[in-house]
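Here is what each chain is made of, one letter per residue.
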Amino acid sequence: MAPTVKPYQITVPDSAIERLKTKLSPTTLPGETTFSNDWKWGAPLDDIKRLVNFWHKNYDWRQAEAELNKLPQFMTTVSVDGHEDALAIHFIHQKSEKPNSIPLLFCHGWAGSFIEVTKILPLLTSGGSDSEQTFHVVAPSLPNCGFSQRTTKPGFGISQYAEVCHKLMLQLGYKNYVTQGGDWGFPITRAMGFLYPSHVLASHLNFILSLPPSPLYTPLLVLQYLTGRYTPAEKAGLERTKWFTAEGSGYNQIQATKPHTPGFALADSPVALLAWIYEKLHDWTDQYPWTDEEILTWISIYYFSDAGADASVRLYYEITHPNGHETQVEGPMNDLMKWNKVPLGLSYFPKDVIVVLSSWGRTLGPVVFEKRHEEGGHFASYEKPDLLASDLRTMIANSGISCS
Amino acid sequence: MSPIRPYTIRVSQTEVDKLNQKLALSEFPNELEDAGRNYGAPLGEVKRLVTFWKDVFKWSVVEKEMNKLPNFETTIDVDGFGPLDIHFLHEVSSVKTAIPLLFVHGWPGSFLEVTRLLPFLQESAKNHGPAFHVVAISLPNFAFSSGVTKRGFGLQHYAEVCHKLMLVLGYYEYVTCGTDIGSSITRLMSKLYPSSLKALYTNLVPALPPSPWSLNPFPFLSFLARHILNLYTPAEKAGLEYTRYFQKEGMGYYNLQTTKPQTVSYALVDSPVGFLAWMWEKMHDWTDGYVWSDEEVCTWVSLYWFSRAGVESGLRLYYESTRGDEPARAGGYIPHTKLGLAYFPREMFRLPKAWGHGLGNVVYEKEHKKGGHFAAWEVPEAVAGDLIAMFGKDGGAYGCVKGNAGYASQPS
């Protein structure tokens, strides 16, 4: 039976909200030390105390839910080869009313969700002036996240996530589309470019992972890399990357090797989840002035997710342990960093967690758009929606893509 | 000097009740089909252990048993950090000239690890083998010792507390048995207090390949030759394989705890399930097929849960141990202190014996066929056997402590 797309409204059961409140009172917190508010050690105690208190006493999920429900949300099912026959996929779908709009798949990452599209959505669909490119935007909750279904078998990796996103676009009648991704959106949309090259019109990335130019494959870039001087922005990017690798990648390593272990705490304790994600919301952004409301909505989406707060972290394991491999292998990620012919737009934001050199980014494919911004971080679509929207429009203009 | 006081472990009923209340509200994640253990602590095991912890395990009974051990407390001042109350076990041998031995645990271990060695060491004393006065410290931030709430309490401070404890007990010269981070701490003690720490035994050998830059080229050339020609023994090959595997798959907790321990703390403090899973995964994965009873697991986990400084305080050691003046180091030749190195097949890293020779004056080394990271708990007879051999009359460290060679002055 063909899957049917149905309108969807988030309705977290009362029992779940009650359960949250019960768990938040009393919450046991670590003791105070001289370093318990030092961001270097992790999420500060005073912040967490305040957020727990707010979450428990004043935060109104129903209000946040009502706001989210103003978005055009839908639910459908997607079959995934070798996995679920009818995986429930929650997504936002907003068509632009302007002519010549191009379909765009927006792929969120971790520790975000579909919420990452909310600010950029009107900019992409309505645009600014009449001459500006607009898009039909599709923003799914990835499987195991938000209000999409949990997967049950090992081996649901990047190709499967790519398959879900692609099939979703096809279901909505979009045979050809543009992709936009940050965080997990990087490997997922890159995989789409490799798996479905005739469907992906262009790929825009705000999180760019790449390897140094190889003398074998990209000799000219090697020259550029070796003889080029780094701009101050590139230098700062390298510093930031060094910091992330040395001080900020613990969560990545544990999620990529033993995801079930922290999963117990994330499933059992809302404050565990709160701290785990809040630390990223702070460290990965460019001094974004998060309100307590925003923080708790981002985290409540995890807490109230269909799959459970712990499920999303498994993706880190799946990508590094393909086909039931017992130890991590670099192959899959390295493959995604090989040259792909899909026209590419690269937006570098200075406070993202990995910021590579421009010469490296150019090894990913034919770059039709490249910009190094002066502000913004990992969650670019949320922090700097104007900048990102503008980048997307310029990329399309540069690439000569039009919607026929 | 602060007096030594007998110590009684007394966890309040309020704390026990609080734990049980939390356990009753436990929520569990879903698990993938056929996940096995690759993804981390298996759901079925954690659920079973949580049920046991809540419904069967009686802390009061365990506490009573623990109080039969020779528990003591003293106060040690550490410059810049103030006085710290230090809990420890102290078993004095009937042989007056027994060898003072300090056992230093790591994470997620405790003083309890030494208790399995005691019967074997006591046997040794009875059977004309060397006798030991055994001291097992609870490191600051662990079990019933004070927590340190000021930043900067590094390995050298842990070393200082350990050393001062031995001095307080009247042991100006002593030997150590160190495991996990206790290995790093005792290595640092040998660097800082060479005239006191006469011999050191460890099962976590922090060796590096021989350096090409050392004055004696032969160790490096030999290493190179053996490496290129793949001339490692089967045990060494297996050890290297396992080390590589562990580096890839088993170091996530280490990376996280050495960089963002505060973030982890919230999870461990608020969720006993979360903490149990965190610890249980290590207890299983780091041991060599050791069959833990639910009682044992809950005892180990409860020692952390009911610890004086809080379940999360042991993590601070990780953060501090990679920074400051004395970060944990692999390799490096430390003279004077005699070394006893034990190689167990399921230790986290298990490197060729020749590399261990670069660490100091190795007077004893043994390759075991069974046992892992918590060797003293898993295979106490083997560890005790090592100590007896190392310090016995034919051992390389015999008589290293002046006047305390471990034998009664009159042969019986």
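Before any of the text, the structure's been laid out above.
Note that the coordinates shown come from a computational prediction; the quantities given were computed from them, not determined experimentally.

Student: So, the environment of Pro335(B): which residues are in play, and what are the values?
Tutor: Within the fold, Pro335(B) resides in strand β8 (residues 334-343). For the pair Pro335(B) and Phe72(B), spaced 263 residues apart in sequence, the C-alpha separation works out to 33 Å.

Student: So what about the sheet that holds strand β7 (residues 197-202) of chain B? Which residues, and what values?
Tutor: All names here are of chain B. If you walk across this open sheet you meet the 9 strands as β1-β2-β3-β5-β4-β6-β7-β8-β9, and the pairing is mixed. Strands with a single pairing partner mark the edges of an open sheet, and in this sheet they are β1 (5-6) and β9 (360-367). Where helix α4 (residues 117-126) meets the sheet, it contacts β3 (82-91), β4 (99-104) and β5 (132-137), and its direction lies at approximately 165° from that of β5.

Student: Which residues make up the interface of chain B and chain A, and what values go with them?
Tutor: Each partner contributes residues to the interface: chain B has 54 residues there, and chain A has 64 residues. For the pair chain B and chain A, the summed buried area comes to about 5,400 Å², and 55% of that belongs to carbon and sulfur atoms. Here chain B is connected to chain A by 5 salt bridges. The shortest N-O distance in the salt bridge between Lys258(A) and Asp285(B) comes to 3.8 Å. On the surface where chain B and chain A come into contact, there are 28 residue pairs in polar contact (both at pLDDT 80 or more). Put simply, the parts of the chain that give the side of chain B that touches chain A at least two residues each are α2 (43-55), α8 (234-249), α9 (252-259), α10 (261-270), α11 (272-285) and α13 (316-321) of chain B. Each residue belonging to the side of chain B that touches chain A can be placed in one class, and the counts come to 23 nonpolar, 14 polar and 17 charged.

Student: Report on the sheet that holds strand β4 (residues 102-107) of chain A, specifying residues and quantitative values.
Tutor: Residues and elements named next belong to chain A. Across the sheet, 9 strands lie side by side as β1-β2-β3-β5-β4-β6-β7-β8-β9; this open sheet has mixed pairing. Sheet topology places β1 (6-7) and β9 (367-372) at the edges, where each strand pairs with a single neighbour. With 3 bridges connecting them, strand β7 (residues 200-205) and strand β8 (residues 344-348) associate as parallel partners. Each residue of the ladder has a partner; that of Leu205, found in β8, is Leu346.

Student: Can you explain empty space enclosed by the protein? Please cite residues and give values.
Tutor: By the definition in use, this model includes 10 cavities of 30 Å³ or more. In this structure, the largest cavity spans a volume of roughly 70 Å³. Together, Pro30(A), Gly31(A), Thr33(A), Phe35(A), Trp41(A), Pro261(B), Gln262(B), Ser265(B), Glu312(B), Ser313(B), Leu315(B) and Arg316(B) line the largest cavity. Of all the elements, α10(B) adds the most residues to the lining of the largest cavity, at 3 residues. By residue class, the composition of the lining of the largest cavity is 5 nonpolar, 5 polar and 2 charged. Taken as a whole, the second largest cavity encloses approximately 60 Å³ of empty space.

Student: Explain the layout of surface pockets to me, and be specific about the residues and the numbers.
Tutor: Considered as a void within the structure, the largest pocket measures approximately 1,100 Å³ in volume. Lining the largest pocket are 34 residues, and of these Leu209(A), Asn252(A), Thr320(A), Met333(A) and Ile354(A) lie nearest its centre. Broken down by class, the residue content of the lining of the largest pocket amounts to 20 nonpolar, 11 polar and 3 charged. In this structure, the second largest pocket spans a volume of roughly 480 Å³. Lining the second largest pocket are 21 residues, and of these Ser184(B), Leu204(B), Tyr254(B), Ala328(B) and Phe349(B) sit closest to its centre. At 4 residues, helix α6 (residues 181-192) of chain B tops the list of elements feeding residues into the lining of the second largest pocket. Along the lines of polarity and charge, the residues of the lining of the second largest pocket split into 13 nonpolar, 5 polar and 3 charged.

Student: Go over the nonpolar core, please, and point to the residues and values.
Tutor: Formed by 239 residues in total, the largest nonpolar core has its most connected members in Trp61(A), Trp110(A), Leu274(A), Trp59(B), Ile185(B) and Phe391(B). Grouped together as the second largest cluster of nonpolar side chains are 13 residues, Phe220(B), Tyr232(B), Tyr343(B) and Trp355(B) included.

Student: Mind laying out the pairing of strand β6 (residues 177-181) of chain A, listing which residues take part and the relevant values?
Tutor: Residues and elements named next belong to chain A. Judged by how many residues are buried, β6 sits mostly within the fold: 5 of 5 residues are covered. Burial of β6 is two-sided: the residues Tyr177, Thr179 and Gly181 facing one way and the residues Val178 and Gln180 facing the other way are all buried. Pairing geometry for β4 and β6, over 4 bridges, is parallel. By the bridge assignment, Cys107 is partnered in β6 with Gly181. Pairing geometry for β6 and β7, over 5 bridges, is parallel. By the bridge assignment for β7, Val178 is matched with Ala202. Each parallel crossover has a hand, and the one from β6 via helix α6 (residues 185-195) to β7 is right-handed.

Student: Outline the packing of aromatic side chains, supporting the account with residue identities and numerical values.
Tutor: All names here are of chain B. One pass over the full model with this rule turns up 55 aromatic pairs over all chains. Measuring from centroid to centroid gives 4.9 Å for Phe153 and Tyr158, while their planes differ by 80°, and the two rings are edge-to-face. In this pair, the class of Phe153 matches that of Tyr158, namely buried. Seen from their ring centres, Trp292 and Trp300 are 5.0 Å apart, and the 80° between their planes marks the pair as edge-to-face. By the burial criterion, Trp292 is buried, and Trp300 matches it.

Student: Outline the pattern of salt bridges, supporting the account with residue identities and numerical values.
Tutor: Counting across every chain of the model gives 45 salt bridges over all chains. The closest approach of N and O atoms between Asp283(A) and Lys260(B), which form a salt bridge, is 3.9 Å. Highlighted residues: Asp283(A) in helix α11 (residues 270-283) and Lys260(B) in the loop between α9 and α10, drawn from two different chains. A residue is classified by how much of its surface remains accessible, and Lys260(B), at 4% relative accessible area, is buried. Among the salt bridges present, the one from Glu326(B) reaches Arg329(B), with a minimum N-O distance of 3.0 Å. Classification of Arg329(B) as partly exposed rests on a relative accessible area of 48%. Among the charged side chains, a salt-bridge network with shared partners connects Lys258(A), Arg37(B), Glu45(B) and Asp285(B).

Student: Let's hear about a nonpolar patch on the surface: which residues, and what values?
Tutor: Side chains of Phe218(B), Leu221(B), Leu224(B), Ile228(B), Leu229(B) and Leu231(B) sit close together on the surface and give an oily, nonpolar patch of about 640 Å² of accessible area. Secondary-structure assignment places Phe218(B) in helix α7 (residues 218-228).

Rules and cut-offs
Residues numbered from 1 in each chain as written. Chains lettered and ligands numbered in written order. Predicted model: local features only at pLDDT ≥ 70, side-chain atom pairs only at ≥ 80, totals over all residues. Heavy atoms only, no water. Helix = DSSP H or I, 4+ residues; strand = E, 2+ residues; numbered from the N terminus. Pairing = 2+ DSSP bridges. Contact = heavy atoms within 4.5 Å. Axes fitted to C-alpha atoms, helices over the stretch in contact; angles between N-to-C directions. Buried area = accessible area lost by both parts, 1.4 Å probe. Salt bridge = Lys/Arg side-chain N within 4 Å of Asp/Glu carboxyl O. Polar contact = N/O pair within 3.5 Å; in protein donor to acceptor, adjacent residues only side chain to side chain. Nonpolar A, V, L, I, M, F, W, Y, C, P; charged D, E, K, R; others polar. 1 Å grid on protein atoms, 1.4 Å probe; cavity = no way out; pocket = protein on both sides within 12 Å on 5 of 7 lines; lining within 4 Å. Points joined across faces, edges and corners; volume = space filled by probe spheres on them. Core = buried A, V, L, I, M, F, W, Y, C linked by side-chain atoms within 4.5 Å. Buried < 20%, exposed > 50% of the residue type's maximum accessible area, 1.4 Å probe, protein only. Right-handed = clockwise from strand over helix to strand, strands pointing away. Phe/Tyr/Trp six-rings, centres within 6.5 Å; stacked < 30°, edge-to-face > 60°. Patch = residues over 30% accessible without salt bridge, like charges linked within 9 Å, V, L, I, M, F, W, Y side chains within 5 Å. Areas by Shrake-Rupley, 256 points an atom, 1.4 Å probe, with all protein chains shown as cover.

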